[in-house]
Amino acid sequence: MQQDAPFKPGANTFVIPCGATATAATRPGLNMGGEVDYVIYNKGAADAWIGYGPTSDAAIANAVIPLIGSPQSALPSPAGTIQTFTLDGSIFFSGIGEGGLTSCTITPGYGA
């Protein structure tokens, strides 16, 4: 990843619903190797936690709201925010909403 390069999408944007429980996981349309930048936009009014993993089952299992004394590997996605994360290029994503239903769009690419 180059710090001065603009973000270049590498696959189609997809949406994951984030409700009271984690649903089926989704992965980018293309199998992108190496490290990939993911732009995650929580377009709803509720905070979300994004689970990810090498399989659909792992992503669903990782979409958990952390509690005190119980750390989780889910990524926080506060309501109305856009964040970038650098992760493996061939992973699945799932989500859970905190206090309501929301949805997050995820765009994989390079240069964020």
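Not measured: the values here are computed from a predicted model.

**Student:** Explain the pairing of strand 8 (residues 102-110) here, please?
**Tutor:** With eight of its nine residues buried, strand 8 lies for the most part within the structure. Pairing of strand 1 (residues 8-9) with strand 8 involves two bridges; the strand directions are antiparallel. Bridge pairing in strand 8 places K8 opposite Y110. Taken together, the five bridges between strand 2 (residues 14-19) and strand 8 define a ladder with antiparallel strand orientation. Among the inter-strand pairings, P17 is bridged to a residue of strand 8, identified as S103. Pairing geometry for strand 3 (residues 35-42) and strand 8, over six bridges, is antiparallel. Looking at the pairing, N42 lines up with C104 of strand 8.

**Student:** Please explain the side chain of N42 as it appears in this structure.
**Tutor:** With respect to the secondary-structure elements, N42 resides in strand 3. A polar atom in the side chain of N42 sits 2.7 Å from the backbone oxygen of S77. Once residues lying within four places of it in the same chain are set aside, the contact partners of N42 are D47, A48, S77, P78, A79, G80, T81, T102, S103 and C104.

**Student:** Could you clarify how one ought to interpret the packing of aromatic side chains in this entry?
**Tutor:** Any aromatic ring pair is given by two values, namely how distant the centres are and how the planes are angled relative to each other. In this structure the tally under the stated criterion is two aromatic pairs. A ring pair is formed by Y38 and F93, whose centres lie 4.9 Å apart and whose planes are at 65°; its orientation type is edge-to-face. Of this pair, Y38 sits in strand 3 while F93 sits in strand 7 (residues 92-98), and the two are 55 residues apart along the sequence. Of the two residues, Y38 and F93, both sit in the buried class. Ring pairs connect the aromatic residues F14, Y38 and F93, which therefore count as one cluster.

**Student:** Any chance you could explain the environment of A58 here in plain terms?
**Tutor:** By secondary structure assignment, the location of A58 is in helix 1 (residues 56-62). Sequence separation of A58 and F93 is 35 residues, and the distance between their C-alpha atoms is 8.9 Å. In this structure A58 touches Y52 and G53, once residues within four positions along its chain are discounted.

**Student:** Where do I start with the pairing of strand 4 (residues 47-53) in this structure?
**Tutor:** For strand 4, the tally of buried residues reaches five of seven residues, placing the bulk of the element in the interior. Sheet analysis places strand 4 next to strand 7, joined by seven bridges and oriented antiparallel. Bridge assignment links A48 to a residue of strand 7, and that residue is G97. Sheet topology places strand 4 next to strand 5 (residues 75-77); three bridges connect them, and they run antiparallel. Considered in strand 5, the bridge of W49 is made with P76.

**Student:** Would you mind showing me how to read the state of the cysteines here?
**Tutor:** Cysteine pairs can be linked by a disulfide, which is a covalent bond between their two sulfur atoms. Overall, the coordinates contain zero disulfides when judged by the stated rule. As a non-bridged cysteine, C18 has C104 as the owner of its nearest cysteine sulfur, 4.1 Å distant. When its relative accessible area of 0% is taken as the criterion, C18 is described as buried.

Conventions adopted
- Residues numbered from 1 in each chain as written.
- Predicted model: local features only at pLDDT ≥ 70, side-chain atom pairs only at ≥ 80, totals over all residues.
- Heavy atoms only, no water.
- Buried < 20%, exposed > 50% of the residue type's maximum accessible area, 1.4 Å probe, protein only.
- Helix = DSSP H or I, 4+ residues; strand = E, 2+ residues; numbered from the N terminus.
- Pairing = 2+ DSSP bridges.
- Polar contact = N/O pair within 3.5 Å; in protein donor to acceptor, adjacent residues only side chain to side chain.
- Contact = heavy atoms within 4.5 Å.
- Phe/Tyr/Trp six-rings, centres within 6.5 Å; stacked < 30°, edge-to-face > 60°.
- Disulfide = S-S within 2.5 Å.

By themselves these figures say nothing about function.
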